[in-house]
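A closer look at the structure
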Amino acid sequence: MAKIDDLKTRSDDQLNEQLGDLKREQFNLRFQAATNQLEKPSRIREVRRTIAQIKTLQTDRARAASVKA
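These remarks concern the structure in this document. On a predicted model such as this, the values are computed, not experimentally measured, just so you know.

**Some details on helix α3 (residues 42–68)**
In an α-helix, one turn spans 3.6 residues, which is why side chains three or four residues apart end up on the same side. With 27 residues, α3 should cover 39 Å at 1.5 Å per step; its first-to-last C-alpha distance of 40 Å lies within 8% of that length. Along α3, the residues that are buried comprise Val47, Thr50, Ile51, Ile54 and Leu57. Considering only its buried residues, α3 is in contact with α1 (4–8) and α2 (12–34).

This is how it looks when you write it as structure tokens:
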């Protein structure tokens with residue numbers, strides 16, 4: 001699971017790229033869970049929370065940018 005401090009230091013492009021990767025991984029994990037091939041069920045939770053953290057950071061940055069403008 002990515003630490004929030006690590007995510008805060010990343011640029012917007014890096015966050016978008018990581019978000020896309022995590023969404024693909026989440027998709028694959030759902031299929032593995034449906035076919036009972038999932039090795040680490042806790043990974044679903046980690047991915048979901050990391051996606052939420054990234055989206056929260058993006059929202060905060062967008063809000064801060066709109067306040068400055």
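**Things to note about the packing of α2 against α3**
Remark: α2 packs on α3, axes separated minimally by 9 Å, with the N-to-C direction vectors making an angle of 150°. On the basis of the axis angle, α2 is roughly antiparallel to α3. Taken as a pair, α2 and α3 cross one another with a handedness that is left-handed. Listed contacts from α3 to Asp12, Leu15, Asn16, Gln18, Leu19, Leu22, Lys23, Glu25, Gln26, Leu29 and Ala33 of α2 are Arg43, Ile44, Val47, Arg48, Thr50, Ile51, Ile54, Lys55, Gln58 and Arg61. Among the residues making up the contact of α2 with α3, the classes are represented as nine nonpolar, five polar and seven charged.

How each quantity is defined
- Residues numbered from 1 in each chain as written.
- Predicted model: local features only at pLDDT ≥ 70, side-chain atom pairs only at ≥ 80, totals over all residues.
- Heavy atoms only, no water.
- Helix = DSSP H or I, 4+ residues; strand = E, 2+ residues; numbered from the N terminus.
- Expected span 1.5 Å × (residues − 1).
- Buried < 20%, exposed > 50% of the residue type's maximum accessible area, 1.4 Å probe, protein only.
- Contact = heavy atoms within 4.5 Å.
- Axes fitted to C-alpha atoms, helices over the stretch in contact; angles between N-to-C directions.
- Parallel < 35°, antiparallel > 145°, perpendicular 65-115°, else oblique.
- Left-handed = near helix turned anticlockwise from the far one by under 90°.
- Nonpolar A, V, L, I, M, F, W, Y, C, P; charged D, E, K, R; others polar.

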